[in-house]
Amino acid sequence: MVSYSACRTLLKIGKDLGKLDMLRDFGTRVIQLTFNTRNYVGDGCTEREQSGLSTYGIELVHRMNELNIIIDVSHSGYQTTLDAIRYSKRPIAITHSSCAAIARHPRAKSDEQLKALKDANGYIGILCCPFFIKPQGRAGLEDFLRHIDHAVEIVGVDNVGIGADWGGWSPDFPAELQMLAQARLASHGFRKGELSFGEIIPEFDAWTSWPRITAGLLARGYSEAEVAGLIGNNWLSFMQRHDAA
């Protein structure tokens, strides 16, 4: 899955849509339209104004459709997200975000956006970043699962998955790299205080804790088939219907 690195690539594309062909030949299947800030395509989620896709951005969306590259709007702004859903001829993805109705944050998606995503047969992956799913701090597994529940309520259980987007908890993540990563991300539109690499979801402090998500979903009444979808199969199904569109 391509997210941050592909956003940087879009900056290098500039207004040369021909470079998308090269990326597709190299195997790129997912590209975010924006990161947090504004580019030629549209506004990111932390921009002061939310003007949506530019004329060029709509052209890029159509070219990505032609090349069968999945459009990702995880870090895109409010109107950019809605515009991408409107102008894309294929279903789009929000690969790693959260629900604004549960916890307000520039990175979170509103119910209006989620309903539009459902109508377009799209997909959303819920992230595990503690400072996004509960900005006031001390997020736990229950907070993460509440975001999944809400997304399922709005988008449907077959269109939701997990887009963790967080490895800062890993015990073997060197402090020096944490500092470099935090500085790099701060230069790409994250606001002061939004990142804390020391924060963890206590019940999910390493990748080996993943079964706790599965158990948590089962405990909430999801069927085994629904859980299998939420932890991976729904993303595979989305890629198939995207390709077939």
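By convention here, each chain's residues receive numbers from 1 onward along its written sequence. Local features in a predicted model are, by the rule used here, given only for residues with pLDDT of at least 70; side-chain atom pairs are given and counted only at 80 or more, and totals for whole chains, interfaces and linings are based on all residues. In computing side-chain values, all of the structure's heavy atoms are included and hydrogens and water are not.

Visitor: Could you clarify how one ought to interpret the overall build of the chain in this entry?
Guide: Only DSSP runs of H or I reaching four residues or more are called helices, and only runs of E reaching two or more are called strands; each is numbered from the N terminus. A count of helical and extended segments in the chain gives 10 helices and five strands. Within the chain, the proportion of its 245 residues that are buried is 53%. Contacts are assigned to residue pairs with any non-hydrogen atoms lying within 4.5 Å of each other. For the chain, contacts bridging at least 24 residues in sequence account for 70% of all contacts bridging at least 6. Whether a residue is buried, partly exposed or exposed follows from its accessible area with a 1.4 Å probe, protein chains only, as a fraction of its type maximum: under 20%, in between, or over 50%, in that order.

Visitor: What is the right way to read helix α7 (residues 141-155) from this model?
Guide: For an α-helix, 3.6 residues make a turn, and residues three or four places apart therefore share a direction. Under the convention used throughout, the expected extent of a helix is 1.5 Å for every residue step, that is, one less than its residue count. Across its 15 residues, α7 extends 21 Å between first and last C-alpha, which sits within 8% of the 21 Å expected from 1.5 Å per residue. For α7, the buried fraction is high: 11 of the 15 residues fall into the buried class. Three or more residues of α7 are buried, namely L141, D143, F144, L145, H147, I148, H150, A151, V152, I154 and V155. Where α7 is buried, its residues touch α5 (111-119), β4 (123-126), α6 (130-133), β5 (160-162), α9 (210-219) and α10 (224-244). In the segment just after α7, G156 is the residue with positive phi, at about 105°.

Visitor: Help me understand the packing of aromatic side chains, please; the structure alone is not making it clear to me.
Guide: Two aromatic rings, taken as a pair, are described by how far apart their centres are and by the angle between their planes. Two rings belonging to Phe, Tyr or Trp (six-membered ring only in the last case) form a pair when the distance between their centres is within 6.5 Å. Interplanar angles under 30 degrees mark stacking, angles over 60 mark edge-to-face geometry, and anything in between is tilted. Overall, the coordinates contain seven aromatic pairs when judged by the stated rule. By the ring-pair criterion, three or more aromatic residues cluster together here, those being Y123, W235 and F238. The ring of Y56 is capped by K15, whose NZ or CZ atom sits 6.0 Å from the centre of that ring. Note on criteria: charge over ring means Lys NZ or Arg CZ within 6 Å of the ring centre, with the direction from the centre no more than 35 degrees off the ring normal.

Any link to function would need more than the numbers given here.
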